[in-house]
Every structure is written in structure tokens, then in C-alpha cells.
Amino acid sequence: MFLDNIPIKRKLIGGFFCIVILALVIAFIGYISMGDMTNKAQAMYDENLVSLDQLLNADNSFLNIRINIYKTVFAKDERKDKFEEIDAEIENILGKLKTYRSESRSDEELALLDEFDSNWAVFEKKLRTVIDDMNAGREEAALEGIYSDDFATPRDTAQDALDKLEAYNQEQALKLKNEIIQTYQTSSIIFLIIGIFALIFGLGLAILL
């Protein structure tokens, strides 16, 4: 009876007003959800995938250093070229890690970076000693240095710190990916609920009118 007493004009205006509100709610939720997913995707790329690329590049240089220093034990005629390659790889590692550190980092990352830096300094010093021994013809001293714990332990510890940094960025990227999926799924459910409600409301309004 209440609706029967309302003029058709007001019913139409009220119905369209309700539909507009529902459309605005859908648009607002979509805008917020898409913005959230976009920000997380951007963070995944800028903070994790780019960083992971830097770490993997440094890791590859680290591996090349290890390969080249062992090659020079037997390939004496290649030592000059290999030592130059080692210098370039060291410069690349330090450059990549410097860039990585320049970004805002978590306490876990900073701790791993400090662990890498402290062990890398010991490893590089020992590496330079081995190279100096080879250049001076002190073959036995060079071999002893390569196979010593003073060489292997800081090398392996620095490598382990790099591996952990890579794993950390992979985990963070996966976490953001899961959050993006969760946002999409939640938004889809909300859109479905609002859509069903709008359908029921529209049909009901049509019947009443």
C-alpha cells in the first residue's frame, strides 16, 4: 500500500538512484582492488624480481671466479686473461651488491648483506694472495692457498649468504603473487554478490512498477 501511494515518477527516480548507487559501489570496489593488485605487481617486479636478477648476476660472477681460479692452476698460459676476467667479475659483484643495498631493505636482508660483506672481504684477500703467488711462480703456495680452509670457508659462507638472499626474494615474490590472487578472488566474490543483488532488485522493482 505504501508503494502504491508513491507517484510513478518518484518510483522511477528512486529505482534509478538505487541502481546508480550499486554501480558506484561496483566501480569503487573495482578501482580499489585493481589499484591494490597493480601496486603489489609493481612491488613484486621492482623489489623482488629486479633484485633477484641482480643477485643471480652476482652469483654467476662468483661462480666464474671459482671456475677461473681453478683453471689457472693448470692453464698457466691463460692466467693473464683469466685474472683480468676475475677482476671484472669482482667489480661486477661489488657493483650489483651495492645497487642491491641502496634500496630500502628488511633487517633480514641487511643481516645477510653484512654476512656476505664480512666473508667476501676475507675471501677476496685470500684470492689476491693466491693470484700473487701464481704470478710470482710460487705454485705450491698458490695450491695450498686454494685448498685451504681460509680460502674455502669464507667463500662458501659468502655464497650461502647470496643463496639466502635469492631465496628471500623468491619467497617475497611468491607472497605478493598469492596476495594478488587472493585480492582477485575476494573482489570476484563481492562482484558476484552485488551482481546477484542488483539482478534481484531490478526484477523486483520491475514487478512492483
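Residues numbered from 1 in each chain as written. Predicted model: local features only at pLDDT ≥ 70, side-chain atom pairs only at ≥ 80, totals over all residues. Heavy atoms only, no water.

A closer look at the pattern of salt bridges
Basically, it comes down to this: The working definition used for a salt bridge is a side-chain nitrogen of Lys or Arg within 4 Å of a carboxyl oxygen of Asp or Glu. Accessibility here uses a 1.4 Å probe with only protein chains present; expressed as a share of the type maximum, an area under 20% marks a residue as buried, one over 50% as exposed, and anything in between as partly exposed.
Applying the stated rule across the entire model yields 11 salt bridges. Asp-133 is paired through a salt bridge with Arg-138; the nearest N and O atoms lie 2.8 Å apart. Ionic pairing is found between Asp-156 and Arg-155, a salt bridge with its closest N-O pair at 3.0 Å. On the accessibility criterion, Asp-156 (36% relative accessible area) is partly exposed. Arg-155 sits in the buried class, given a relative accessible area of 9%. In this structure, a network of salt bridges that share partners links the residues Arg-66, Arg-155 and Asp-156.

Some points on the nonpolar core
Heads up, the rule is: Take the buried Ala, Val, Leu, Ile, Met, Phe, Trp, Tyr and Cys residues and link them wherever side-chain atoms come within 4.5 Å; each set so joined is a nonpolar core. The helix count covers DSSP runs of H or I at least four residues long, the strand count covers runs of E at least two residues long, and both are numbered beginning at the N terminus. Note on contacts: a residue pair qualifies if any of its non-hydrogen atoms lie within 4.5 Å across the two residues.
Judged by nonpolar contacts, the single largest core of 28 residues is most densely connected at Ile-69, Phe-116 and Leu-127. Taken together, the elements giving at least two residues each to this core come down to helix H1 (8–74), helix H2 (79–102), helix H3 (107–135), helix H4 (139–146) and helix H5 (149–208). Tallying contributions element by element places H3 first for this core, with 9 residues. Non-local contacts of Ile-69, meaning those with residues more than four positions away in its chain, are made with Phe-83, Ile-86, Leu-127, Val-130, Ile-131, Met-134 and Ile-146. Of all hydrophobic cores here, the second largest spans 6 residues; its members include Ala-43, Ala-173, Leu-176 and Ile-180.

A closer look at the confidence of the model for the chain
Here is the rule we go by: Note: pLDDT gives the predictor's confidence per residue, expressed from 0 to 100.
The pLDDT averaged across the chain works out to 86; a share of 93% of its residues lies at or above 70. When the elements of the chain are averaged for pLDDT, H1 gives the smallest value, 83, and H3 the largest, 94.

Structural notes on the side chain of Glu-109
You can see Glu-109 is positioned in helix H3. Aside from chain neighbours lying at most four places away, what touches Glu-109 is Tyr-100, Leu-165, Tyr-168 and Asn-169.

Side note on the packing of aromatic side chains
To keep things clear, this is the line we draw: Here is the rule: rings of Phe, Tyr and Trp (six-membered ring for Trp) pair when centre to centre is within 6.5 Å. Planes less than 30 degrees apart are stacked, more than 60 are edge-to-face, and the remainder are tilted.
Taken as a whole, this structure holds 6 aromatic pairs when the rule is applied. Ring centres of Tyr-70 and Tyr-147 lie 6.3 Å apart, and the angle between their planes is 40°; on these two criteria the pair is classed as tilted. Placement of Tyr-70 in helix H1 and of Tyr-147 in the loop between H4 and H5 is noted, with a sequence separation of 77 residues between them. A residue is classified by how much of its surface remains accessible, and Tyr-70, at 30% relative accessible area, is partly exposed. We classify Tyr-147 as exposed; its relative accessible area is 56%. Aromatic side chains Trp-120 and Phe-123 sit 5.4 Å apart centroid to centroid with 55° between the ring planes, which places their arrangement in the tilted category. One end of the pair is Trp-120 and the other is Phe-123, both in helix H3 and 3 residues apart, which spans about a single turn.

A closer look at H2
Formally: Here a helix's expected span is defined as the number of its residues, less one, multiplied by 1.5 Å.
Helix length check: H2, at 24 residues, gives a terminal C-alpha distance of 34 Å against a target of 34 Å (1.5 Å per residue), a fit within 8%. For H2, the complete set of buried residues consists of Arg-79, Lys-82, Phe-83, Ile-86, Glu-89, Ile-90, Ile-93, Leu-97 and Tyr-100.

Considerations on the packing of H3 against H4
Using the following cut-off: Angles run from 0 to 180 degrees between N-to-C directions of axes, and those axes are lines fitted to C-alpha atoms, restricted for helices to the stretch in contact. Orientation is classified from the angle alone, with under 35 degrees giving roughly parallel, over 145 giving roughly antiparallel, 65 to 115 giving roughly perpendicular, and any other angle giving oblique. What makes a crossing left-handed is the near helix being turned counterclockwise from the far one by less than a right angle; a clockwise turn instead makes it right-handed. Ten residue types, Ala, Val, Leu, Ile, Met, Phe, Trp, Tyr, Cys and Pro, are classed as nonpolar, four, Asp, Glu, Lys and Arg, as charged, and the remainder, Gly among them, as polar.
Two elements in contact, H3 and H4, have axes separated by 8 Å at closest approach and are oriented at 160°. On the basis of their axis angle, the class for H3 and H4 is roughly antiparallel. In the crossing of H3 with H4, the sense of the turn from one axis to the other is left-handed. Contacts between H3 and H4 involve Lys-126, Val-130, Asp-133 and Met-134 from the former and Glu-139, Ala-141, Ala-142, Gly-145 and Ile-146 from the latter. Here the residues of the contact of H3 with H4 are counted per class, giving 5 nonpolar, 1 polar and 3 charged.

Remarks on a nonpolar patch on the surface
This is how the line gets drawn: A patch consists of residues exposed above 30% relative accessible area that lack any salt bridge, with like charges linked at up to 9 Å and nonpolar side chains (Val, Leu, Ile, Met, Phe, Trp, Tyr) linked at up to 5 Å. Accessible areas in this description were obtained via Shrake-Rupley with a 1.4 Å probe; residue shielding takes into account the shown protein chains only.
Taken together, the side chains of Phe-17, Ile-21 and Val-25 define a hydrophobic patch exposed on the protein surface, amounting to about 260 Å² of accessible area. On the secondary structure map, Phe-17 appears in helix H1.

Points about H4
The condition is simple: What the arc describes is the spread of directions from the helix axis to the C-beta atoms.
Among the residues of H4, Ala-142, Gly-145 and Ile-146 are the ones counted as buried. Buried positions in H4, seen along its axis, are confined to an arc of 100° and lie on one side of it. Residues Glu-140 and Glu-144 are exposed on H4 and point more than 90 degrees away from its buried face.

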